[in-house]
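# Observations on the three-dimensional arrangement
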Amino acid sequence: MKWFGNRAKVAPGLPIADNVPKHIAIIMDGNGRWAKKRGLPRIAGHHAGMKTVKKITIAADRIGVDVLTMYAFSTENWKRPREEVDFLMKLPQEFLSIELDELIEKNVQVRMTGWREELPEHTLRAVEQAVEKTKHNTGLILNFALNYGSRKEMIDGIKAMMADVQRGSLDPNAIDERLFDSYLQTAGLPDPDLLIRTSGELRLSNFMLWQLAYSEFWFTEKYWPEFSEEMFYDAVREYQRRARRYGGL
Ligand code: FPP
């Protein structure tokens, strides 16, 4: 497994290089309300949110975060109106057509967590191309959670384990937390150290329920399109002030 945790960089005005979270996961919420406040259609909020994705990716890379997971579309988001879903499904393509060259230059590795099957062809193609072109990059992992939901992820993982048990390739006594990890969509990635959610909502919305067991949470009232690098660094500074005890003393 890849060793995480050696990318922390020192720079003036940034959070201290010591103890930079290896994995930061973000629930990018509030695009719709941001747009409504400005009398714009909801999709304008998502489009503005895409620009924040770029800003925060660069910021995460600057301070040496290893993995940045962005919750871009949940398994429940299919229930939204058709036009909004269609628009959201076009964003990865637009984002990557504008940003992929710079991401490659910055040695970023693009990944996707979620089920590929239900995605429209054009969305999947854009993501797969970016994943393929960046697979040997060794810098920041930019992980899009796309068509992702945690409960389904765990059920699927359990089903796959049961199939392996039935086939005789897995001894049920060998099942432990690490093994379960390896059956999840996030296999191979460290658990998030820090979860950020924007827009004032204080819930997990079926996001990485298993992986966030010991993560630090940081919430802000700001909507995702107005979330800034400075706020991101504030979240990291706050994380650095916290004592993580993992149930110990
Ligand atoms: C939640 O806000 C946000 C989403 C469901 C979509 C998030 C997607 C982006 C920020 C763009 C993704 C970009 C790429 C490159 C894939 P909401 O619409 O639920 O906000 P609301 O609660 O105010 O209605």
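For the structure given in this document, a descriptive report is provided here. (Residues numbered from 1 in each chain as written. Predicted model: local features only at pLDDT ≥ 70, side-chain atom pairs only at ≥ 80, totals over all residues. Heavy atoms only, no water.)

We now examine the site of the ligand. In the region of the ligand, 18 residues are neighbours, and M28, R33, R42, H46 and R80 sit closest. Take G32: an N or O atom from its main chain is 3.2 Å from an oxygen atom of the ligand. When the free accessible area of the ligand is taken as 630 Å², the share hidden by the protein chains comes to 91%. The dominant element in the shell around the ligand, judged by the number of residues it contributes, is helix α2 (residues 42–62), at four residues. A breakdown of the residues in the shell around the ligand according to their chemical character gives eight nonpolar, six polar and four charged. (Near = heavy atom within 4 Å. Polar contact = N/O pair within 3.5 Å; in protein donor to acceptor, adjacent residues only side chain to side chain. Areas by Shrake-Rupley, 256 points an atom, 1.4 Å probe, with all protein chains shown as cover. Helix = DSSP H or I, 4+ residues; strand = E, 2+ residues; numbered from the N terminus. Nonpolar A, V, L, I, M, F, W, Y, C, P; charged D, E, K, R; others polar.)

This next bit is on the packing of α2 against helix α7 (residues 229–241). In contact at an axis separation of 9 Å, α2 and α7 are set at 45° when each is read in the N-to-C sense. Between α2 and α7, the angle is such that the two are oblique. Handedness of the crossing formed by α2 with α7: right-handed. Of α7, the residues touching α2 (which contributes K55, I56, A59, A60 and R62) are E229, F232 and Y233. Taken together, the residues of the contact of α2 with α7 break down into five nonpolar, no polar and three charged. (Axes fitted to C-alpha atoms, helices over the stretch in contact; angles between N-to-C directions. Parallel < 35°, antiparallel > 145°, perpendicular 65-115°, else oblique. Left-handed = near helix turned anticlockwise from the far one by under 90°. Contact = heavy atoms within 4.5 Å.)

Here we come to the packing of aromatic side chains. Pairs of aromatic rings are described using the distance from one ring centre to the other and the angle between the two planes. Summed over the entire model, instances satisfying the criterion amount to twelve aromatic pairs. Relative to F227, the ring of W224 lies with its centre 5.3 Å away and its plane at 20°, an arrangement referred to as stacked. Each member of the pair, W224 together with F227, is buried. Against the face of W115 rests K152, its NZ or CZ located 4.6 Å from the ring centre. (Phe/Tyr/Trp six-rings, centres within 6.5 Å; stacked < 30°, edge-to-face > 60°. Buried < 20%, exposed > 50% of the residue type's maximum accessible area, 1.4 Å probe, protein only. Lys NZ or Arg CZ within 6 Å of the ring centre and 35° of its normal.)

One open sheet holds the six strands; their spatial order is β3-β4-β2-β1-β5-β6, and the pairing between them is parallel. The sheet terminates laterally at β3 (109–113) and β6 (216–219), the two strands that pair on one side only. On average, each strand axis in the sheet is inclined to that of its neighbour by 20°, with strand direction left out of account. Pairing analysis gives four bridges linking strand β5 (residues 194–197) to β6, with the strands arranged parallel. Its bridge partner being in β6, I196 is matched across the sheet by W218. Along the sheet, α2 makes contact with β1 (23–27), β2 (67–74) and β4 (141–148), crossing β2 at roughly 160°. The strands touched by helix α3 (residues 82–105) within the sheet are β2, β3 and β4, with β4 carrying the most contacts at an inclination of about 170°. (Pairing = 2+ DSSP bridges.)

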